[in-house]
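# An overview of the molecular structure
Okay, here's what each chain looks like letter by letter:
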Amino acid sequence: MKRLLGGGGARLRLALLLRHWLLGASACPCQQPALCKPISTQWDFEVFVFDVGGKTWKFYDWTQITTVATFGQYDPELLCYAHSKGSRVVLNGNIAVKEILKPAVRTAWIKQKTSLAKKQYMDGINIDIEQTVKKFSAEYYALTSLIKETTEAFHKEIPGSQVTFDVPWSPQHSDRCYNYTGIADSCDFLFVMSYDEQSPVWSNCIAGANAPYKQTLAGYDHYLHMGINPKKLVMGVPWYGYDYTCPGLRKIHVCFFAKKVFQEAPCNHAKISQVPYRNIMKWERSSISGILWDEDQKAPYLEYKDSQGVFHQVWFDNPKSISLKAAYAKMHGLRGIGMWNANCLDYSANSTARQQTEAMWEALKGA
Ligand SMILES: *[C@@H]1O[C@H](CO)[C@@H](O)[C@H](O)[C@H]1NC(C)=O
Ligand SMILES: *[C@@H]1O[C@H](CO)[C@@H](O)[C@H](O)[C@H]1NC(C)=O
């Protein structure tokens, strides 16, 4: 169970007020000033949640959450609530890799981020630099330095704070040739984005799972074989799927989306869109297939006909596919699990939706 932080007395309130005057920090937005203290708890198993804004966080499963990475606007109410549950709230950080070659630019960026985090009483930063880097280029070295320097600065400025870095599902199937071992050593852990795993160069233009089971696990094998400690890896699962338009959907459930029939490439990317889990669940009843299961990819999918009578196939993750991956994360001693993103579920009062949403949170615990 998760520990609640103790309440603050008048003395602490005074001390914080004094700190506020001295440092020019903004006033603590929480009713209990103690809730503005950084979280320094080291959890055995991280549940790392991306939040993109709004107020749905009120309905998250806070018995599990250890960190919320805020990609929406700063929400002091979320900060105070998360801290009352012992959960960290971290900034998101991104900078163009061509900018970070000069040490002075990195230093200024880091200073700005640590100041912002302190001002907002936050507990670290998640660095999301999804940019192409060539192996042994100037950017390659500068990126490792950026992560190392950011981690050192945060740990010094905000004791107990957390610095994490987002990496693709596999270090091998990507144009991001980073020094992964160096970066893993330099920060608290990596968030592995185990999704969007279909190759950008489509080989056959056939719809498939966002994060097929075997392929997902192969990504972790690659990271582990590089010598990265499993305790430096948090598994990221998708709470969204892909909707493919496939006019000629065949009876055998093969959704072909090439630009022209009888032509292998190029595939028609305009016919693919991302959809959150809550939308997919609304299609279940009107689908022509119900929810199907692909045993090879260990992923669910469904098929529907849109208002123009065109067939679609939708690939996604559900409690069944996620709990299989979560079981792997537990069994292989990974640092934790997380998702992109927590807002994708239906948090309305609808009782069916509520059950589906609870089941998604439960699935993070593994089968
Ligand atoms: C990766 O980074 C580490 C830490 O900075 C360094 O010791 C190592 O030599 C780098 N490895 C490569 C292949 O660049
Ligand atoms: C409740 O949610 C389910 C699943 O998303 C949906 O199929 C159903 O239509 C919803 N019911 C109402 C009354 O909105």
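What you see is a predicted model, and the numbers here were worked out from it, not measured in a lab.

It is worth spelling out the pattern of salt bridges at this point. Side chains that carry opposite charge are capable of pairing whenever their charged atoms lie near each other. Counted by the stated rule, this structure contains 13 salt bridges. Between Glu 77 and Lys 58 there is a salt bridge, with its nearest N and O atoms 3.3 Å apart. A residue pair is termed long-range when its members are at least 10 positions apart, and Glu 77 in helix 2 (residues 76–84) and Lys 58 in the loop between strand 1 (46–51) and strand 2 (67–70) qualify at 19 residues. Two residues, Glu 157 and Lys 156, come together in a salt bridge whose shortest N-O distance is 3.9 Å. Within this structure, Lys 55, Lys 58, Asp 75 and Glu 77 form a network of salt bridges that share partners.

Attention now moves to the packing of helix 6 (residues 213–225) against helix 8 (residues 319–331). Between helix 6 and helix 8, whose axes approach to 11 Å, the crossing angle comes to 20°. By the angle class used here, helix 6 and helix 8 are roughly parallel. Two packed elements cross with a definite hand, and for helix 6 against helix 8 that hand is right-handed. Where helix 6 approaches helix 8, its residues Tyr 213, Thr 216, Leu 217, Tyr 220, Asp 221 and Leu 224 are matched on the opposing element by Leu 324, Lys 325 and Tyr 328. Classifying every residue of the contact of helix 6 with helix 8 by side-chain character gives six nonpolar, one polar and two charged.

We now examine the state of the cysteines. What the rule picks out here adds up to four disulfides. Across a sulfur-sulfur distance of 2.1 Å, Cys 28 and Cys 36 are joined as a disulfide pair. Taking the torsion about the S-S bond as the criterion, the Cys 28 to Cys 36 disulfide, at about 90°, is right-handed. Relative accessible area serves as the criterion here: at 24%, Cys 28 is assigned to the partly exposed category.

The rules behind these values
Residues numbered from 1 in each chain as written. Chains lettered and ligands numbered in written order. Predicted model: local features only at pLDDT ≥ 70, side-chain atom pairs only at ≥ 80, totals over all residues. Heavy atoms only, no water. Salt bridge = Lys/Arg side-chain N within 4 Å of Asp/Glu carboxyl O. Helix = DSSP H or I, 4+ residues; strand = E, 2+ residues; numbered from the N terminus. Axes fitted to C-alpha atoms, helices over the stretch in contact; angles between N-to-C directions. Parallel < 35°, antiparallel > 145°, perpendicular 65-115°, else oblique. Left-handed = near helix turned anticlockwise from the far one by under 90°. Contact = heavy atoms within 4.5 Å. Nonpolar A, V, L, I, M, F, W, Y, C, P; charged D, E, K, R; others polar. Disulfide = S-S within 2.5 Å. Buried < 20%, exposed > 50% of the residue type's maximum accessible area, 1.4 Å probe, protein only.

Any functional reading would require information beyond the geometric quantities listed.
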